[in-house]
Every structure is written in structure tokens, then in C-alpha cells.
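Here is how the chains run, residue by residue.
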Amino acid sequence: MGFGVVAELGPELGMAMSVWGPSAAEAMVAGGQQGDGPSRGFLLRRTPAGWEPDVLPEGTPMLDWVGRAGDDVWTVGLQG
């Protein structure tokens, strides 16, 4: 099994690689950029105001997958 691009989100964000959520109102999107520079990941969370970025640690690489186990949200990226 491999990962594939869900959507191209432009030069600032890069590619959406995974969408998950218990409902459309609570969806999350994981992805990022990979290219000539360092890989950079993002995690967006759907809120009543629209899509809001989650704060990730500096240097988080591109994320390939997002899901939930219990009350925890898990992501997996290029570096595991």
C-alpha cells in the first residue's frame, strides 16, 4: 500500500495526503511540501470558522496520514 495525493493546495501548503474525521464538520487534513528544500508538514482542522492550522513542532516533515485512536489524533509522515 502506498500514499497518494488527495489535492494540490498551492505553493504555501503543498499537497493534501490524507483526510480523516468522524464527520465533515470535524475533518482533519494532513500533508505538506517535499522538494528542493526541507520537507515541511501541515495539519489542518475543520472548525466552524473554516480550516485552521494545528501548531506542529518546528521541522515537522511532510505528513502522509492522519487518524484517531481513542481520544488521540495520530499522524505519520516521511520520517515515520
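All residue numbers here refer to positions counted from 1 along the written sequence of the relevant chain. Two thresholds apply to this predicted model, a pLDDT of at least 70 for residue-level local features and 80 or more for giving and counting side-chain atom pairs, whereas whole-chain, interface and lining totals are computed over all residues. The side-chain numbers reported here are obtained from all heavy atoms of the structure, hydrogens and water having been left aside.

K.L.:
It is not clear to me how the overall build of the protein should be interpreted in this structure. Could you clarify?
P.N.:
The number of helices and strands found in the protein is 0 helices and 7 strands. Counting from the N terminus, the helices are the DSSP runs of H or I reaching at least four residues and the strands are the DSSP runs of E reaching at least two. When the helices and strands of the protein are listed from N to C terminus, the series reads β-β-β-β-β-β-β. Long-range pairs, those at least 24 residues apart, make up 24% of the contacts in the protein between residues at least 6 apart in sequence. In the structure as shown, the protein presents an accessible area of about 5,300 Å², 55% of it carried by carbon and sulfur atoms. We call two residues in contact whenever any of their non-hydrogen atoms come within 4.5 Å of each other. Using a 1.4 Å probe, the Shrake-Rupley method yields the accessible areas, and only the shown protein chains count as cover for residues.

K.L.:
Any chance you could explain the environment of Gln34 here in plain terms?
P.N.:
Here Gln34 lies in the loop between strand S3 (28–33) and strand S4 (40–47). Those residues within four positions of Gln34 in sequence are excluded, and the remaining contacts are Met62 and Leu78.

K.L.:
Please explain the sheet that holds S4 as it appears in this structure.
P.N.:
Strands in a sheet are paired, the pairing made by backbone hydrogen bonds, and the direction either parallel or antiparallel. Paired strands, in this sense, are two strands between which DSSP finds at least two bridges. Here 5 strands make up an open sheet; going across it, the order is S1-S2-S3-S4-S5 and the pairing antiparallel. Edge strands, defined here as strands with exactly one partner in the open sheet, are strand S1 (7–8) and strand S5 (50–53). Two elements, S3 and S4, share 6 bridges in a ladder whose sense is antiparallel. By the bridge assignment, Val29 is partnered in S4 with Leu44.

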